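# Chains, contacts and geometry: an overview
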Amino acid sequence: MTSVTERLQQVKAHIHRANSSFAPGVHSVTLLAVSKTQPASAVREAAAAGQRAFGENYVQEALDKMASLADLRSQIEWHLIGPLQSNKTRAVAEAFDWVHSVDRLKIAQRLSEQRPAGLPPLNVCLQVNVSGEASKSGVAPDALPALAHAVAALPNLRLRGLMSIPEPVNGLDAQRAPHRALRALFDRLNADGLALDTLSMGMSADLDAAVAEGATIVRVGTAIFGARA
Ligand SMILES: *Cc1c(COP(=O)(O)O)cnc(C)c1O
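The shown structure was predicted, so the numbers you read here are calculated from the model rather than taken from an experiment.

### Brief notes about the side chain of Gln-114
Within the fold, Gln-114 resides in helix α5 (residues 105–114). Within the structure, Gln-114 has its side chain in polar contact with the side chain of Thr-89 (distance 2.7 Å). In terms of polar contacts, Gln-114 uses its side chain to reach the backbone amide nitrogen of Arg-90, at 2.9 Å. Ignoring any residue separated from it by four or fewer positions in sequence, one finds Gln-114 in contact with Thr-89, Arg-90, Ala-93 and Glu-94.

### Looking at the site of the ligand
In the vicinity of the ligand, the residues found are Val-34, Lys-36, Asn-57, Ile-81, Ile-165, Met-203, Ser-204, Arg-219, Val-220, Gly-221, Thr-222 and Arg-228. Lys-36 places a side-chain nitrogen or oxygen 2.7 Å from an oxygen atom of the ligand. Taking Gly-221, its main chain carries an N or O atom lying 2.9 Å from an oxygen atom of the ligand. Across the complex, the protein chains shield 89% of the 380 Å² of accessible surface that the ligand would expose by itself.

### Some thoughts on the nonpolar core
Phe-54, Leu-111, Leu-126, Leu-162, Val-218 and Ile-224 are the most contacted members of the largest nonpolar core, which totals 61 residues. Apart from residues no more than four positions distant in its own chain, Leu-111 is found in contact with Leu-84, Thr-89, Val-92, Ala-93, Val-99, Val-102, Leu-122 and Leu-157. With eight residues, the next largest nonpolar core counts Ala-53, Cys-125, Met-163 and Ile-217 among its residues.

### Overview of the environment of Val-99
The residue Val-99 is located in strand β4 (residues 98–102) in this model. Assessed through its relative accessible area of 0%, Val-99 is described here as buried. Once residues within four sequence positions are removed from consideration, Val-99 is found in contact with Leu-80, Leu-84, Val-92, Leu-111, Leu-122, Asn-123, Val-124 and Cys-125.

### Overview of the side chain of Ser-35
For Ser-35, the position within the fold is in the loop between β1 (30–34) and α2 (40–48). A polar atom in the side chain of Ser-35 sits 2.7 Å from the side chain of Glu-56. With near-sequence residues (within four places) excluded, Ser-35 lies in contact with Val-43, Phe-54, Gly-55, Glu-56, Glu-61, Lys-65, Trp-78 and Phe-225.

What counts, and at which threshold
Counting starts from 1 at the beginning of each chain's written sequence and moves along it residue by residue. Local features in this predicted model are restricted to residues of pLDDT 70 or higher, and side-chain atom pairs are both shown and tallied only at a pLDDT of 80 or more, whereas totals for entire chains, interfaces and linings draw on every residue. Excluding hydrogens and water, the side-chain figures rest on all heavy atoms present in the structure. A run of DSSP states H or I qualifies as a helix once it reaches four residues; a run of E qualifies as a strand once it reaches two. Both are numbered from the N-terminal end. Counting of polar contacts relies on pairs of N or O atoms within 3.5 Å, with two restrictions inside protein: one atom must be capable of donating a hydrogen and the other of accepting it, and residues adjacent in sequence are counted only when both atoms are side-chain atoms. Two residues form a contact once any of their heavy atoms are found within 4.5 Å. Being near a molecule or strand, for a residue, comes down to having at least one heavy atom within 4 Å of it. For the accessible areas, the method is Shrake-Rupley and the probe is 1.4 Å, while residue cover comes only from the protein chains on display. Among the buried residues, those of types Ala, Val, Leu, Ile, Met, Phe, Trp, Tyr and Cys that are joined through side-chain atoms within 4.5 Å form a nonpolar core. Three labels apply to residues, based on accessible area from a 1.4 Å probe with only protein chains included: buried if under 20% of the type maximum, exposed if over 50%, partly exposed otherwise in between.

No statement about biological role is implied by the geometric values presented.
Shown next as structure tokens:
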């Protein structure tokens with residue numbers, strides 16, 4: 001049985017290889033360890049191995065885990081990557097460092113209003129529906145510029161970039177296409193005056209494709225923690 005520590009090293013080596021072969025010297029890629037459904041003990045093991053950023057999908061599960069790991073709070077960055085309903089925004093604004101899944105202005109406004117005064121601005125990515133039809137979450141590319149400029153103007157948020165969860169497909173070229181589309185939207189927003197630095201794209205199955213297209217955060221669960229129950 002391979003340990004979380006060993007798998008973490010393998011994933012980091014994989015990202016490093018992908019970065020050197022597809023995008024040599026261009027950018028650095030942050031590994032977000034997706035710990036949804038995994039016990040606090042697995043997060044603790046990964047943190048002991050030096051992992052800093054953790055991604056969670058379900059707010060209540062994340063809050064419970066944070067409570068068990070309160071002693072590690074200063075060493076861990078918590079990222080919400082799952083859908084966010086308005087009745088959960090206060091808890092998220094109070095407990096998380098990042099939210100990757102903002103796709104409506106109303107949610108962003110609530111997060112900004114509810115971010116506690118003593119904390120730094122909440123880092124936010126806008127989730128974009130790059131694959132169209134099938135996925136329910138994410139802002140449509142047409143509506144992205146207006147949303148991005150409105151969110152960037154909110155006082156207690158820091159708009160960092162874009163996130164996507166493309167339809168699963170096989171093959172490097174097919175996997176690269178939606179990531180390239182997200183990258184093009186990102187470049188356009190920056191050309192239009194925003195200062196975005198984050199492209200959150202790529203999971204265990206399409207890591208190479210995402211890194212090749214300029215991902216700055218890859219979100220990896222299974223390859224680190226094993227299959228989810
Ligand atoms: C679960 C999840 C991941 C991680 O997926 P793996 O296939 O386990 O690497 C990444 N991003 C999001 C949004 C997820 O929900």
